[in-house]
Structures are given as structure tokens and as C-alpha cells.
Amino acid sequence: MFKKFLKQFLKKKTFGWSAVVILLIVLSVYQFTWQTAPLIVNFLDIGQGDSTLITMPNHQVILIDGGPDNSVLYRLGTILPFYRRKIDLMIFSHYHRDHIIGLIEVLKRYQVEKIIYAPSKFSSLTLQVLLATVKKQKIPTVLINSTAQLNFSPNCSLSFLNVDSLEVKKAQNNSLVVKLNCQHRKFLFTGDNSATVEKALVNSGWDLTADVLKAAHHGSRTANSEEFLQVVQPRFVSISVGVKNHFGHPSPAILERLSRLHIKFKRTDQSGSIQIVVPNSP
Ligand SMILES: [Zn+2]
């Protein structure tokens with residue numbers, strides 16, 4: 001049936017061959033776009049909280065945390081194409097409200113394919129609502145107890161480390177460490193981990209080096225220790241923080257430390273969402 005239609009279509013010579021040429025051009029542009037898609041990391045401006053959206057070169061979309069309210073929906077709407085209603089992977093760094101409240105509405109409005117998080121012995125009403133929403137939608141979940149790696153392509157991967165598996169006190173700020181290694185660039189996300197956990201991370205021997213670091217705990221002075229920064233050696237630090245927040249984040253001491261170590265930084269309360277584009281490389 002289709003062959004017969006194609007024959008008849010091509011018989012109308014001029015129109016037929018023009019269509020074939022157009023089709024070939026469309027296919028090659030599509031292939032070019034596919035192969036040269038950049039890695040895009042967006043530190044979203046969602047007020048006092050954390051939310052990072054990553055678009056991988058293979059077009060998969062990853063959301064780490066969702067901020068303290070539904071403003072994450074607006075940010076997603078301005079970055080993702082209107083037809084993109086799927087999030088391939090959602091990651092919870094930990095369960096504080098400024099990291100997970102926004103995720104509840106994201107789960108209702110987007111098709112989330114998979115969720116990765118570290119089990120927690122701490123509970124809260126917000127966490128119960130979040131996990132109930134996940135369960136209701138039957139979304140596959142992966143719990144990280146120690147370390148894991150997820151490969152997206154030969155040169156793009158995500159590594160995970162549950163800090164509770166290190167010699168640290170289990171505390172509510174403890175966050176799943178996520179490292180993105182892609183297109184020869186490395187990004188490190190450490191949630192709200194404290195300086196005590198940073199010390200354990202340094203002692204763990206885990207490869208912490210990164211070009212870009214999301215400042216831990218919104219630039220708090222209880223984190224972002226000098227020793228940790230010396231080991232990570234970031235060239236750029238992104239600070240997710242709300243305008244005139246009650247916590248005094250980021251700490252002036254941390255900003256001074258970054259300047260002294262010649263590490264460039266930006267803050268979402270001053271710059272809005274911070275976007276980093278890494279062009280495709282072979
Ligand atoms: Zn936080």
C-alpha cells in the first residue's frame with residue numbers, strides 16, 4: 001500500500017524529487033542537531049532553595065531538587081520547549097523543604113521516568129507527601145546506599161555517593177553527592193552537606209575535582225570549607241540563594257574565601273538563573 005503510494009508520488013517527477021530533496025535536508029539537519037547538541041546546566045532561580053536542570057547531549061532531561069515552592073514550574077516552562085512534558089530523571093539531594101516542595105507539583109505536571117535518592121531515616125510531612133505522590137504514579141525509584149554510576153553515553157555519566165556510607169554522623173543536612181562528568185567537563189552537586197561531611201568526602205578518596213561546583217548549603221559558612229575547595233579546585237561556583245533571605249546566605253566569609261582562592265562565582269539572587277553551556281566535543 002505504502003509502496004504504491006510512494007511510486008505514484010514520485011511519478012509526479014518535479015514535485016516528487018523536490019520532496020525527496022527536502023526530506024534529505026531535514027534528515028541531515030536533524031542528525032546534525034542530534035550529534036552536536038550541547039550539555040546545558042541551569043541553576044534555577046527559585047528563591048531560597050536549590051534546583052538544577054540538566055539537559056544532556058542526548059536530550060535527556062535531569063532535575064536535581066525542586067526548590068521551596070512552585071516557581072520551579074515557571075522556570076522549567078521558560079527553558080524546556082512547550083511540548084517537552086517528560087523528565088527522564090529526578091534526583092532528591094535530601095529532604096528539606098527548600099529542596100523538595102517544588103518537586104511535588106513537577107511530579108503532577110510532568111511525566112517523570114525515574115527517581116534516584118538516598119534513603120533517609122528522617123521524616124517530615126512534606127517528605128511523606130512527596131513519596132506518596134511517587135508511589136501513586138508508580139515511578140521506578142533507585143535508592144543509593146553507597147555509590148553508583150549511570151552512563152548516558154561513552155563520555156557522559158552521573159556518579160552518586162551516599163555520604164551516610166562514610167564515617168559521618170547521620171544528620172538532616174546530609175545530602176546525596178552527585179557528579180556529572182560530560183563533554184570533558186565536571187560538575188559537582190553537594191546539596192546542603194556540612195564541612196564535617198566535606199572532610200569525610202576529602203578523606204574518602206572519591207574524585208571530587210570539578211570545573212563547576214554548586215556551593216553547598218546556599219553558601220553557608222558551615223560548609224564550603226577551604227580544604228574542600230582546595231581539593232575540588234572549581235573554576236566556577238554557583239550559589240543558589242534567595243534575595244534577602246533570613247539565613248544570611250551566602251556568608252560574606254565564604255564569598256571572601258572564593259575571591260581569595262581566585263574562584264569566580266555567581267549567585268541566583270543577583271544573576272537570576274545561571275546557565276552553563278558546554279558545546280559538543282568528540
Ligand atoms: Zn537547602
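Our subject is the structure that appears above.
Calculation rules
Residues numbered from 1 in each chain as written. Predicted model: local features only at pLDDT ≥ 70, side-chain atom pairs only at ≥ 80, totals over all residues. Helix = DSSP H or I, 4+ residues; strand = E, 2+ residues; numbered from the N terminus. Buried ≥ 20, exposed ≤ 12 C-beta atoms within 10 Å, placed from the backbone. Contact = placed C-beta atoms within 7 Å. Pairing = 2+ DSSP bridges. Axes fitted to C-alpha atoms, helices over the stretch in contact; angles between N-to-C directions. Parallel < 35°, antiparallel > 145°, perpendicular 65-115°, else oblique. Nonpolar A, V, L, I, M, F, W, Y, C, P; charged D, E, K, R; others polar.

1. A word on the overall build of the chain
Stage number 1. Across its full length, the chain holds nine helices and 16 strands.
Stage number 2. Counting over 282 residues, the chain shows a buried share of 38%.
Stage number 3. In the chain, 68% of the contacts between residues at least 6 apart in sequence involve partners at least 24 apart.

2. Concerning the sheet that holds strand E14 (residues 236-239)
Stage number 1. Spatially, seven strands are ordered E9-E10-E11-E12-E13-E14-E15 in an open sheet, and the strand pairing comes out mixed. Of all the strands in the sheet, the pair left with one neighbour each is strand E9 (147-153) and strand E15 (264-267). Adjacent strand axes in the sheet meet at a mean angle of 15°, parallel and antiparallel pairs treated alike.
Stage number 2. Of the pairings in the sheet, the one linking strand E13 (residues 212-214) to E14 comprises three bridges and is parallel in character. Bridge pairing in E14 places Lys 214 opposite Ser 238.

3. Remarks on the sheet that holds strand E3 (residues 61-64)
Stage number 1. Spatially, seven strands are ordered E8-E7-E5-E3-E2-E1-E16 in an open sheet, and the strand pairing comes out mixed. Two strands close off the open sheet at either side, each with one partner strand: strand E8 (141-143) and strand E16 (274-278). Sheet twist, expressed as the mean angle between neighbouring strand axes with direction ignored, is 15°.

4. Quick look at the packing of helix H3 (residues 71-79) against helix H4 (residues 97-109)
Any two packed helices are characterised by the angle at which their axes cross and by the distance between the axes.
Stage number 1. Following both chains from N to C, one finds H3 and H4 inclined at 50°, their axes separated by 8 Å at the closest point. Put simply, H3 runs oblique to H4. Listed contacts from H4 to Ser 71, Val 72 and Leu 73 of H3 are Gly 102, Glu 105, Val 106 and Arg 109.
Stage number 2. For the contact of H3 with H4, the per-class residue count stands at three nonpolar, two polar and two charged.

5. Describing unusual backbone geometry
Stage number 1. Here the bond from His 249 into Pro 250 is cis, since omega is -5°, no more than 30 degrees from zero.
Stage number 2. Mapped onto the elements, Pro 250 comes out in the loop between E14 and helix H8 (252-260).
Stage number 3. In the Ramachandran plot, His 59 falls in the positive-phi region, its phi being about 75° despite a non-glycine side chain.
Stage number 4. Note that His 59 resides in the loop between strand E2 (52-55) and E3.
Stage number 5. Look at Lys 138: it is not a glycine, yet its phi comes out positive at around 55°.
Stage number 6. The topology assignment puts Lys 138 in the loop between helix H5 (125-136) and E8.

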